[in-house]
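Overview (structure and organization)
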Amino acid sequence: MKTNIRLLLDITKTNLLSRFKQTSVAALGVTFGIGTFIILMGFMTGLNGLLDGLILNRTPHIHIFNEIKPSDQQPVEKAPGFSTAFNIIRSVKPKNSQARIHNALPLISDLKKDARVRGVTPQVSAQVFYIAGPIELNGLLNGIQVMDEVRLFNFRDYIVEGSPEELLKQDNGILLGAGLAEKMSLSVGSRIQITSPGRGVFPLKIVGIFQSGLAEVDDVQSYVNLKMAQQILGEGNNYISDINLKLWDMEEAPEMATTISRLYQITAIDIKTANAQFDTGSTIRNLITYAVSITLLLVAGFGIYNILNMFIYEKMNDIAILKATGFSGLDVKLIFIFQALIIGLVGGLLGLVLGYACSVMIDNAPFETEALPTINTYPVNFNPLFYGIAIIFALVSTFLAGYLPARRAQDIDPVKIIRGQ
Amino acid sequence: MAPILEAKKINKYFKKPVLFHVLKDLYFSIEEGQFVSIMGKSGCGKSTLLYILSTMDREYEGELFLGGEKLTGKSGKDLARVRNEMIGFVFQFHYLLAEFSVLDNVMFPARKLAKKSHAQIKKDALEKLDMLGIPHLAHKKASMISGGEKQRVAIARALINDPLIIMGDEPTGNLDQKNSENVFNIFKKLSQDERLSLLIVTHDPDFAEKTDRIIQMEDGRINK
Ligand SMILES: Nc1ncnc2c1ncn2[C@@H]1O[C@H](COP(=O)(O)OP(=O)(O)OP(=O)(O)O)[C@@H](O)[C@H]1O
Ligand SMILES: [Mg+2]
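My aim in this report is to walk through the structure given alongside it, one point at a time. Please read all numbers here as calculations on a predicted model, not as lab measurements.

What to know about helix H4 (residues 104-113) of chain A
Because each turn of an α-helix spans 3.6 residues, side chains separated by three or four positions end up pointing in the same direction. Residues and elements named next belong to chain A. Inspection of H4 places Ala104, Leu107, Ile108 and Leu111 among the buried residues, and these make up the whole buried set. Viewed end-on, H4 has its buried residues packed into an arc of 100 degrees, placing them on one side of the element. Buried residues along H4 sit against strand S1 (62-65), strand S2 (117-132), strand S9 (242-247) and helix H10 (253-264).

Considering the site of ligand 1
In the neighbourhood of ligand 1, 15 residues make up the surrounding shell, with Arg419(A), Ser42(B), Lys46(B), Ser47(B) and Thr48(B) lying closest. Ligand 1 sits at the junction of chains A and B, each of which supplies nearby residues. At a separation of 2.7 Å, an oxygen atom of ligand 1 approaches a polar side-chain atom of Arg419(A). One nitrogen or oxygen atom from the side chain of Thr48(B) is found 2.4 Å from an oxygen atom belonging to ligand 1. Considered on its own, ligand 1 offers 640 Å² of accessible surface; in the complex 67% of this is hidden by protein. Elements that contribute at least two residues to the shell around ligand 1 include exactly strand S2 (20-30) and helix H1 (46-53) of chain B. Ranked by the residues each element gives to the shell around ligand 1, the list is headed by H1(B), at 3 residues. By residue class, the composition of the shell around ligand 1 is 4 nonpolar, 6 polar and 5 charged.

Quick notes on unusual backbone geometry
Residues and elements named next belong to chain B. Of note, the amide linkage connecting Lys16 to Pro17 takes the cis form, showing an omega dihedral of -5 degrees. Tracing the backbone shows Pro17 in the loop between strand S1 (5-14) and S2. Of note, the phi angle at Asp162 is positive, near 45 degrees, even though the residue is not glycine. With respect to the element layout, Asp162 can be found in the loop between helix H5 (147-159) and strand S7 (165-169). You will see that Arg195, though not glycine, has its phi angle at about 55 degrees, which is positive. Residue position: Arg195 is located in the loop between helix H6 (177-193) and strand S8 (197-201).

Quick notes on the interface of chain A and chain B
At the interface, 26 residues of chain A touch 22 residues of chain B. Taken as a group, Ile321(A), Ile418(A) and Arg419(A) account for 23% of the area that chain A buries against chain B, more than any other trio of residues on that side. Summed over the shared surface of chain A and chain B, the number is 3 salt bridges. The tally of links from chain A across to chain B stands at 7 residue pairs in polar contact (both at pLDDT 80 or more). Each residue belonging to the side of chain A that touches chain B can be placed in one class, and the counts come to 10 nonpolar, 9 polar and 7 charged.

Concerning the packing of aromatic side chains
Following the criterion strictly, the structure yields 18 aromatic pairs over all chains and no others. For the pair Phe399(A) and Tyr403(A), a centre-to-centre distance of 5.7 Å together with 40 degrees between the ring planes defines the contact as tilted. Residue Phe399(A) and its partner Tyr403(A) are located together in helix H15 (residues 384-411), separated by 4 residues, close to a single helical turn. Judged by its relative accessible area of 32%, Phe399(A) is partly exposed. On the basis of relative accessibility, which here comes to 27%, the residue Tyr403(A) falls in the partly exposed class. Connected via pairs of aromatic rings, a cluster forms that spans Phe35(B), Phe184(B), Phe187(B) and Phe207(B). For the cation-ring pair, Lys210(B) lies above Phe184(B), with the distance from its terminal atom to the ring centre recorded as 4.4 Å.

Conventions and cut-offs
Residues numbered from 1 in each chain as written. Chains lettered and ligands numbered in written order. Predicted model: local features only at pLDDT ≥ 70, side-chain atom pairs only at ≥ 80, totals over all residues. Heavy atoms only, no water. Buried < 20%, exposed > 50% of the residue type's maximum accessible area, 1.4 Å probe, protein only. Helix = DSSP H or I, 4+ residues; strand = E, 2+ residues; numbered from the N terminus. Arc of directions from axis to C-beta. Contact = heavy atoms within 4.5 Å. Near = heavy atom within 4 Å. Polar contact = N/O pair within 3.5 Å; in protein donor to acceptor, adjacent residues only side chain to side chain. Areas by Shrake-Rupley, 256 points an atom, 1.4 Å probe, with all protein chains shown as cover. Nonpolar A, V, L, I, M, F, W, Y, C, P; charged D, E, K, R; others polar. Buried area = accessible area lost by both parts, 1.4 Å probe. Salt bridge = Lys/Arg side-chain N within 4 Å of Asp/Glu carboxyl O. Phe/Tyr/Trp six-rings, centres within 6.5 Å; stacked < 30°, edge-to-face > 60°. Lys NZ or Arg CZ within 6 Å of the ring centre and 35° of its normal.

So this is what it looks like as structure tokens:
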């Protein structure tokens, strides 16, 4: 068996070398298809990763807050005698409840004990005015535990000037959104005043500028220490308006969010619900990549099919001799399938090299954009899985292309050929 | 003594373009070491018979035995094995694989049989080439040698697995007088020295006359 395969491979080798030009052209077709697959795949998934990082990495897996909405149960329904009645209440308005989360501190320590939870960060958000000289801008102030945000939500990536540690050191420090800083012509080290409706004015020192890449965030938001935010609102240290959760496994978010909101009577939004469109974008990009690559391989496959068919036509005599001297139909078929697979393997490996080389070039090409402060070259994903898929692709498509001609060679009747002379 | 090759009541029809009865109730047998020639007018069915005897054509009626073993009804794969191991075939047109060396061509059937080591096969092949007087051609490309030389290479290839019988369809048909005699002498020697059976179709009466026995065919039948 083994010697037979070696013999067939020897014959295949000579066949390939005797038609070196055509074989090379066929192999180059595969090279081109596979190279394109690698480049597209690396680039597209690199881009996916970048966009995911942009949104998903900084988005909490579960966001817990008090939504302002009308109570599900109106007082009349609690009154004896009316609970089973059909009550019609017109013009229901939500009560002016506070944005605070009730019993936030016990809730946080509960969540921290949960094995599925990787980290919990409390936040205090407040509507404020930023005042610098004559300018007064409306915006949103977030009180955070800065090092937790750095650890869980890649917060450091977005700080373009200054550092999160500076905020930790200075109780009255503030990290200002890049858009805000530009509008008010402020830079690190300057002072800014914050006021919230009905409270005093708080002078703060700018210790850093952050740029998230999303204008609607950078133009209005800023970060201070949790304590400072509570002071600005005139609240105690148990005032928490938002709790952000990062889980070990993002897939568990929807289920856990439902449980939390039921258990604690609070709104809990999971990342999947909040960012459904991102999954769709990634799926479509992957789809395009596969469609383009399969099309190219199909073209390459037709090339191989053609060349093998022509080759078999030219080699009718050889096939007849092999059969007359004792080679079976299967042997002949294998010779041509090997021929196709070798074209696929060599073309495919060259394709991997080509794809890798181009990927490295793209990876090093400069890519500067306002929106993505931490990125300065194009993102490329070098996942070895793509290279594995690509070579399997190459072999499968060349096998399919070679199979029909090889079958034809298997069925050639030597008597007909010998008579034909 | 049991015959090497035996054909019983062979009938062959061509169905296209019109039904045509080519071979009609053929019986014959060949003994070990016998050198037999087949003669007959063009179109009487000699080649057709040879393709059946060589197992390449399986569409016939009747029974075929080689070395006491019934070949009729065997699978294509088994028959390929029989051709490989027990039958040596020499064609009118010297069929060699043009891209390979003479030595490779001679070695292929033995490598396919895989009963001997590569080194042993190479040694045997060189021996056969030597016996046929063309040892110097071993490493030449098969497309680079003359017609007479090619025919001798084809004979060497037919001999490489020490078959029971050699069949030839006008193996000297394309050769000049001298080469033709040369090939005849090789055959004669094989049948005498090696007790090899030979069945050779020929149009050359001189050639046929020198063989042990002539089978005369006419219109799909054998004339006694
Ligand atoms: N595939 C075929 N289909 C139909 N008829 C065929 C076919 N092959 C051969 N024949 C016919 O069968 C007859 C016998 O052909 P065959 O080749 O066996 O003759 P032959 O005796 O070898 O002749 P020659 O001496 O010219 O080689 C011829 O009349 C030929 O026309
Ligand atoms: Mg003939």
